Amino acid sequence: MAYTTIQTKTEGRVGVITLDRPKALNALCDALTAELTEALAGFEADDAIGCVVLTGSAKAFAAGADIKELQEKDFISLYRHDPFEKTWESVARFRKPIIAAVSGYALGGGCEIAMMCDFIIASETARFGQPEINLGVMPGAGGTQRLPRAVGKAKAMDMCLTGRMMGAEEAERAGLVSRVVPVDELMDVVMEAAQTIASKSLPIAMMTKEAVNMAFEMGLSEGVRFERRVFQSQFATEDQSEGMAAFADKRAPHFRHR
Ligand code: HXC
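The rules we used
Residues numbered from 1 in each chain as written. Predicted model: local features only at pLDDT ≥ 70, side-chain atom pairs only at ≥ 80, totals over all residues. Heavy atoms only, no water. UniProt positions renumbered as here; feature names shortened; annotations may be inferred. Helix = DSSP H or I, 4+ residues; strand = E, 2+ residues; numbered from the N terminus. Rg over C-alpha atoms; globule rule 2.2 N^0.38 Å. Buried < 20%, exposed > 50% of the residue type's maximum accessible area, 1.4 Å probe, protein only. Contact = heavy atoms within 4.5 Å. Areas by Shrake-Rupley, 256 points an atom, 1.4 Å probe, with all protein chains shown as cover. Domains from an automatic or database assignment. Buried area = accessible area lost by both parts, 1.4 Å probe. Salt bridge = Lys/Arg side-chain N within 4 Å of Asp/Glu carboxyl O. Polar contact = N/O pair within 3.5 Å; in protein donor to acceptor, adjacent residues only side chain to side chain. Near = heavy atom within 4 Å. Nonpolar A, V, L, I, M, F, W, Y, C, P; charged D, E, K, R; others polar. Patch = residues over 30% accessible without salt bridge, like charges linked within 9 Å, V, L, I, M, F, W, Y side chains within 5 Å. Expected span 1.5 Å × (residues − 1). Arc of directions from axis to C-beta.

- Looking at an unreviewed UniProt entry, the protein chain carries the name enoyl-CoA hydratase, with the source organism given as Alkalicaulis satelles.
- What the UniProt record of the protein chain gives under Sequence similarities (unreviewed entry) is the line "Belongs to the enoyl-CoA hydratase/isomerase family."
- Under the UniProt heading Function (unreviewed entry), the note attached to the protein chain is "Could possibly oxidize fatty acids using specific components."

**Remarks on the overall build of the protein chain**
Alright, step 1. Of the regular secondary structure elements, the protein chain holds twelve helices and ten strands.
Alright, step 2. At 19 Å, the protein chain has a C-alpha radius of gyration in line with the 18 Å of a compact globule built from 258 residues.
Alright, step 3. Principal axes of the C-alpha set define a box for the protein chain whose edges measure 60 × 45 × 40 Å.
Alright, step 4. Buried positions account for 42% of the 258 residues belonging to the protein chain.
Alright, step 5. Considering only intrachain contacts with a sequence separation of at least 6, the fraction spanning at least 24 residues in the protein chain is 69%.
Alright, step 6. Entry remark: accessible area of the protein chain is about 13800 Å², with carbon and sulfur atoms responsible for 56%.

**So, the domain arrangement of the protein chain**
Alright, step 1. Segmentation of the protein chain into domains returns domain 1 (6-198) and domain 2 (201-249).
Alright, step 2. In this structure, domain 1 and domain 2 have C-alpha centres spaced 27 Å apart.
Alright, step 3. For the pairing of domain 1 and domain 2, the buried interface totals around 700 Å² over both sides, and the portion due to carbon and sulfur atoms is 58%.
Alright, step 4. The interface formed by domain 1 and domain 2 holds one salt bridge in total.
Alright, step 5. For the salt bridge of D118 with K209, the shortest nitrogen-to-oxygen distance reads 3.1 Å.
Alright, step 6. Joining domain 1 to domain 2, the criterion identifies three residue pairs in polar contact (both at pLDDT 80 or more).

**Some remarks on the site of the ligand**
Alright, step 1. A63, A65, I67, K68 and G109 are the nearest of the 22 residues found near the ligand.
Alright, step 2. Interatomic distance of 2.8 Å between a backbone N/O atom of A65 and an oxygen atom of the ligand.
Alright, step 3. Elements that contribute at least two residues to the shell around the ligand include exactly α2 (67-70), β6 (105-107) and α5 (109-116).
Alright, step 4. By residue class, the composition of the shell around the ligand is twelve nonpolar, four polar and six charged.

**Some thoughts on a nonpolar patch on the surface**
Alright, step 1. A cluster of nonpolar side chains, I67, L135 and V137, forms an exposed patch at the surface whose accessible area comes to about 270 Å².
Alright, step 2. By secondary structure assignment, the location of V137 is in the loop between β8 (127-129) and α6 (143-151).
Alright, step 3. The class of V137 is partly exposed, set by a relative accessible area of 45%.

**Some words on helix α10 (residues 202-214)**
Alright, step 1. For α10, with 13 residues, the first-to-last C-alpha span of 18 Å sits near the 18 Å given by 1.5 Å per residue.
Alright, step 2. Three or more residues of α10 are buried, namely L202, P203, A205, M206 and K209. Buried residues in α10, looked at end-on, bunch into an arc of 160°, giving them a common side.
Alright, step 3. Those residues of α10 hidden inside the fold are in contact with β5 (98-102) and α12 (238-248).

Following this line, the structure appears as structure tokens:
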């Protein structure tokens with residue numbers, strides 16, 4: 001597929017999507033969001049893909065929604081034909097594991113898209129922020145909801161109300177990112193994590209992510225009940241039989257991913 005604002009490739013069972021509008025610091029214009037939605041749908045449908053990596057450039061993961069496009073919108077056009085809704089849903093509801101590899105700016109919609117991924121691995125140069133307040137608006141793609149869940153109320157309020165950026169170290173301390181690595185090692189570390197995930201049973205990995213995400217939707221006893229039922233159902237899969245047999249036989253498991 002020939003894209004103009006993103007690049008895609010596969011390495012083994014990992015699909016990589018690279019946001020690629022360098023002149024605009026990967027601002028999320030309509031063309032880019034449409035291509036991202038299409039690329040995600042392709043990887044979702046492809047049985048040979050077990051994990052996806054979403055990344056940008058060394059300078060910017062994404063500097064947010066494209067402000068030059070956004071300034072032309074009015075309430076009715078956004079309400080009636082929200083250009084972002086499909087894309088945000090395609091990331092937030094992506095069923096396979098998806099990792100954000102963030103270097104440089106992850107601002108506004110860029111920070112929000114990274115937070116929609118299952119986890120973020122950041123380079124030392126990563127800078128996260130919700131600067132929408134400087135534009136006379138507030139975050140509109142989950143920032144006011146996912147950021148406090150990730151970093152707590154104090155830092156989320158601080159970032160959304162002042163518009164300040166948070167560096168990689170602070171983001172790791174606050175729980176926004178899972179690991180911080182030197183910039184030139186970012187893709188190696190992320191690809192290793194992605195290949196590890198993709199080597200597991202795909203349906204079990206999908207159920208695991210679904211259960212962790214339920215922690216943000218449900219109360220504790222409901223969530224634990226949900227987990228228990230899904231755990232029990234995994235005993236109907238070939239991959240559970242294989243995983244446990246391989247342990248008993250002291251050999252590596254050969255998951256069939258189904
Ligand atoms: C459109 C953008 C852009 C953006 C950068 N550019 N961010 N274009 N939308 N979000 C463009 C600039 O216009 C410029 O193009 C080029 O990229 C390089 O940017 P500079 O500003 O010259 O670079 P620098 O001085 O290094 O500053 C980097 C920056 C700054 C700090 C990231 O660009 C910046 O503050 N960008 C806006 C960040 C932001 O407010 N994001 C939130 C957007 S609103 P030219 O053609 O001039 O060279 C949002 C809402 C989402 O995300 C909600 C959706 C529902």
